[in-house]
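A look at the structure
So you can see what is in the structure, the chains are spelled out below.
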Amino acid sequence: MAAVRAGAVGISRSPRFTMYSSRVTELLTVLFLLIYVEQIHKFELVSDVLRLLTLILTVLLLLALIVYHSIDTKIYLIETGSDHWRIGVTRERVARMSLELAICAVCPLPG
């Protein structure tokens, strides 16, 4: 893992970017939710726009998580010297990713 993080492999910056982009989308989603709660039923258009932005950011967060886990699996395969992706995808890894995606998928729907 140290060789991958030190830059021996060309994908060393991608996990950090994905991690930071997912954190940014998480914070923006929370910000839009807080604004929505404060403005509830005062302005219908603003409320709908904020819900739509929250939905879009939630989808972006889910995509960032999928990219993060695929890069994590690739790094694991590089570390172990395996060629087949099924070796890096264990039941525990799938369960953890599924739980993380299920938790992050909760958001208010527009309308």
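These numbers come from a predicted model, not from an experiment.

Below, the discussion takes up the overall build of the protein chain. Assigned secondary structure in the protein chain consists of 5 helices and 0 strands. Taken from N to C terminus, the helices and strands of the protein chain fall in the order α-α-α-α-α. Residue burial in the protein chain is summarised as follows: out of 111 residues, 26% are buried. Taking the intrachain contacts of the protein chain between residues at least 6 apart in sequence as the baseline, contacts between residues at least 24 apart amount to 71%. Accessible surface, the protein chain: about 7,800 Å² in total, of which carbon and sulfur atoms supply 68%.

On to a nonpolar patch on the surface. A cluster of nonpolar side chains, contributed by Leu45, Val49, Leu52, Leu53, Ile56, Val59, Leu60, Leu63 and Ile66, occupies part of the molecular surface with about 770 Å² of accessible area. By the secondary structure assignment, Leu63 is in helix H3 (residues 44-80).

Once that is clear, we can look at the pattern of salt bridges. Under the criterion given, the structure shown has 2 salt bridges. A salt bridge links Asp72 to Arg93, with the nearest nitrogen and oxygen atoms 3.0 Å apart. Of this pair, Asp72 sits in helix H3 while Arg93 sits in helix H5 (residues 91-104); the two residues are 21 residues apart in sequence, bridging distant segments of the chain. By relative accessible area, Asp72 is classed as partly exposed at 25%. Arg96 is paired through a salt bridge with Glu92; the nearest N and O atoms lie 3.5 Å apart.

Rules used throughout
All chains use their own residue numbering, which begins from 1 and follows the written sequence. At least 70 in pLDDT is required for a residue's local features to be given in this predicted model, at least 80 for side-chain atom pairs to be given and counted, and no such filter applies to totals for whole chains, interfaces and linings, which use all residues. By convention in this description, side-chain values take in all heavy atoms of the structure and omit both hydrogens and water. Starting at the N terminus, helices and strands are each numbered in turn, a helix being any DSSP run of H or I of at least four residues and a strand any DSSP run of E of at least two. When a residue's accessible area, from a 1.4 Å probe over protein chains only, is under 20% of the maximum for its type it is buried; when over 50% it is exposed; and in between it is partly exposed. Note on definitions: a residue-residue contact is assigned when non-hydrogen atoms from the two residues lie within 4.5 Å. Per-residue and other accessible areas were derived by the Shrake-Rupley procedure at a 1.4 Å probe size, with only the shown protein chains allowed to occlude residues. Residues with no salt bridge and a relative accessible area higher than 30% make up the patches, which join like charges within 9 Å and nonpolar side chains (Val, Leu, Ile, Met, Phe, Trp, Tyr) within 5 Å. What counts as a salt bridge is simple: a side-chain nitrogen of Lys or Arg found within 4 Å of a carboxyl oxygen of Asp or Glu.

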